[in-house]
Every structure is written in structure tokens, then in C-alpha cells.
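A structural walkthrough
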Amino acid sequence: MVMGFGIDIGGTGTKGAPVNLEKGKLEADRFRIPTPKPATPEAVAEVARQIVEHFPEAADVPQIGVAIPAVVQHGVARSAANIDPTWIDTDVDALFTEVLGRQVHVVNDADAAGVAENDHGAAREEHGLVCVITLGTGIGSALINAGTLVPNTEFGHLEVDGHANVETWCAASAYEREELSWAQWAERLQIYFSHLERILSPDLFVVGGGVSKNSDEFLPLLDLRTPIVPAKHRNNAGIIGAAALGERG
Ligand code: BGC
């Protein structure tokens, strides 16, 4: 069995677990530590170290993957929409590699979730163009064509229907903050996914994020020509995909 280790850094919690890379499954229950405040790269790297040390079986894993809610270009964070601004321009590969004492590859959280869904989840049978959208505090996106990830698509920051930054209007946080009904939120999602469909013509949409567990409430309300399905790995997709991308380096 090829074992990897994935860590997913979120706004409130940082979670990690050893991952069976062949099966795309957690090898143990994940361990969570609240994301420190302020969530500077150094403080979060220290929490990541504690998470790895929690698992004795992680001692032999040579390469670790870390997912963060930011653009990560060749190991350097380039944005910080919902995280501490000090991440911008930090060489996060180098920082985490030093703190964790082994090779670490840092990737965008939605890219990680997308790879997990593509390789072992809801898009496993689809070999064309897959667009994974995570609905959470913000909106994350992953675009995977025939198994190859196009990294750092930021479809949560498109301007759609007069909304300059569509995630502030369509994310799960907007549904909660504005106390929308499922039907009201689905009206917004309809406009958003129709727009994505127009510009991308994907073969499949996969919808992730915590709210995907309630997908029965809103996905059936959408009328698209592209099939749209909930993510399979839900909250573990970031960990599983980070471990896979970490191993690829
Ligand atoms: C960020 C993305 C991230 C998404 C989900 C967005 O605000 O710009 O990089 O993938 O939130 O966390």
C-alpha cells in the first residue's frame, strides 16, 4: 500500500490524516486542531506539525500534501481571499518543508478536492472535462480535463449577473448569512452554473463543500444540460487530494 498524508487548512479547522493513495481513503480518523488566530503561515505550519505528529504511522511518509484556500503557484501562495493576507508571496512549500522536516507540497484546496473526486470520487467514471465547485465560506473551483488538473482556476471570483465577486453572492456562507431558502439560493446557483456551462462546456459538474451533504435540497432544482452531482468525499476531499498531489510533488 502506498501511504500519503494530507492536511486541509480551513478558516476554522485544520485537519489531517494518513491516506491510502491507491484507494483514495483515509487510513485513520482525521485529527483536527482549530486554525490559529491570526492564521499566519508560521502559526498554521506549527499546527500542521502537531497534526502529523499525532499519527505515529506518518513517521515513514516521505512527502506530505497541504491544501490551503489560496492560489498556490509553484509552491508560492499568490492570493488570500478568506485567509490572513501574510500568506501572499510566502514560499509555503519551503516553510512547511522546514517545519515538518520532510518534503511538503502546498496546493489550492479546491484543486485538492477536485483531484480526490476525479481520481476516487464522484467523477471517477468521467474521462472528459470535469468542473468541481466547492461551496463554503468562499467558492473554490477545480478544472480537470481527461485526468489532468488545470491548477488555480478561481471561478469563485468571476463577475456574474452584475455581482463583481460571485462567491459573495453564491457561496454557502451567503445562503446562511442572508437566511435564504433552498429555492432562493438555487435561483442564484442556477445563474452561476449556467454561466459556467456557457464558458466551459464541461461534461460533468461536481459540487463539494460541507453543504453538499444537503445536495438533495438544491441540486434537483437546477436545470442544466450538464450532469451535476454531489461530491463523494465531502469533508475529506481536501485531505485525500492534498495527499495525492503531495506525493506527486
Ligand atoms: C479562494 C480560493 C479557494 C476558495 C475555497 C476562494 O475565496 O480564492 O483559492 O479555493 O475560496 O476555499
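Cut-offs and rules
Residues numbered from 1 in each chain as written. Predicted model: local features only at pLDDT ≥ 70, side-chain atom pairs only at ≥ 80, totals over all residues. Heavy atoms only, no water. Salt bridge = Lys/Arg side-chain N within 4 Å of Asp/Glu carboxyl O. Helix = DSSP H or I, 4+ residues; strand = E, 2+ residues; numbered from the N terminus. Buried < 20%, exposed > 50% of the residue type's maximum accessible area, 1.4 Å probe, protein only. Near = heavy atom within 4 Å. Polar contact = N/O pair within 3.5 Å; in protein donor to acceptor, adjacent residues only side chain to side chain. Nonpolar A, V, L, I, M, F, W, Y, C, P; charged D, E, K, R; others polar. Domains from an automatic or database assignment. Pairing = 2+ DSSP bridges. Axes fitted to C-alpha atoms, helices over the stretch in contact; angles between N-to-C directions. Contact = heavy atoms within 4.5 Å. Buried area = accessible area lost by both parts, 1.4 Å probe. Parallel < 35°, antiparallel > 145°, perpendicular 65-115°, else oblique. Left-handed = near helix turned anticlockwise from the far one by under 90°.

**Here we look at the pattern of salt bridges**
Where charged atoms from two side chains of opposite charge approach closely, those side chains can pair. Going through the model one piece at a time under the given rule, you end up with seven salt bridges. Residue Arg49 is joined to Glu53 by a salt bridge in which the shortest nitrogen-to-oxygen separation is 3.0 Å. A residue pair is termed a helical-turn pair when its members lie 3 or 4 positions apart in one helix, as Arg49 and Glu53 do in helix α1 (residues 41–53) at four residues. Taking relative accessible area as the criterion, Arg49 reaches 25% and is therefore assigned partly exposed. For Glu53, a relative accessible area of 56% corresponds to the exposed category.

**Looking at the site of the ligand**
With respect to spatial proximity, the complete set of residues near the ligand consists of Pro69, Ala70, Ala81, Asn82, Asn108, Asp109, Ala110, Ile139, Gly140, Glu154, His157 and Glu167. The contact in question runs from an oxygen atom of the ligand to an N or O atom on the side chain of Asn108, over 2.9 Å. At 2.6 Å, a side-chain N or O of Glu154 approaches an oxygen atom of the ligand. Mapped by element, the contributors of at least two residues to the shell around the ligand are α3 (109–120) and β10 (139–145). Taken together, the residues of the shell around the ligand sort by class into five nonpolar, four polar and three charged. In this structure, the shell around the ligand is formed jointly by two domains, domain 1 (3–112 + 236–248) and domain 2 (126–231), each of which donates at least three residues.

**What to know about the sheet that holds strand β11 (residues 148–150)**
In space, the five strands of this open sheet follow the order β11-β10-β9-β12-β13, with mixed pairing throughout. Looking along the sheet, the strands with just one partner apiece sit at the ends: β11 and β13 (228–230). Neighbouring strand axes in the sheet, compared pairwise and without regard to direction, differ in orientation by 25° on average. The strands that α3 touches are β9 (129–135), β10, β11 and β12 (204–208); relative to β10, the one it contacts most, it runs at about 45°.

**A look at the pairing of strand β8 (residues 103–108)**
Counting buried residues in β8 gives five out of six residues, a clear majority hidden from the surface. Direction of pairing for strand β5 (residues 63–68) relative to β8: parallel, over a ladder of six bridges. By the bridge assignment, Ile64 is partnered in β8 with Val104.

**Comments concerning the domain arrangement of the protein**
One frequent convention defines the size of an interface as the accessible area lost when the parts assemble. When its domains are assigned, the protein resolves into domain 1 (3–112 + 236–248) and domain 2 (126–231). On a C-alpha basis, the centres of domain 1 and domain 2 stand 24 Å from each other. On the domain 2 side, the residues contacting the nine residues of domain 1 number 13 residues. At the boundary of domain 1 with domain 2, total buried surface from both sides reaches about 780 Å², with 49% on carbon and sulfur atoms. Counting across the domain 1 and domain 2 interface gives zero salt bridges. Applying the counting rule to domain 1 against domain 2 returns two residue pairs in polar contact (both at pLDDT 80 or more).

**Structural notes on the packing of α1 against helix α2 (residues 92–100)**
Between α1 and α2, the least distance of the axes is 9 Å, while the angle of their chain directions is 45°. As the angle between them shows, α1 and α2 are arranged oblique. The interaxial crossing formed by α1 with α2 has right-handed handedness. Contact residues: α1 offers Pro41, Glu42, Val44, Ala45, Glu46, Ala48, Arg49 and Val52, while α2 offers Leu95, Phe96, Val99 and Leu100.

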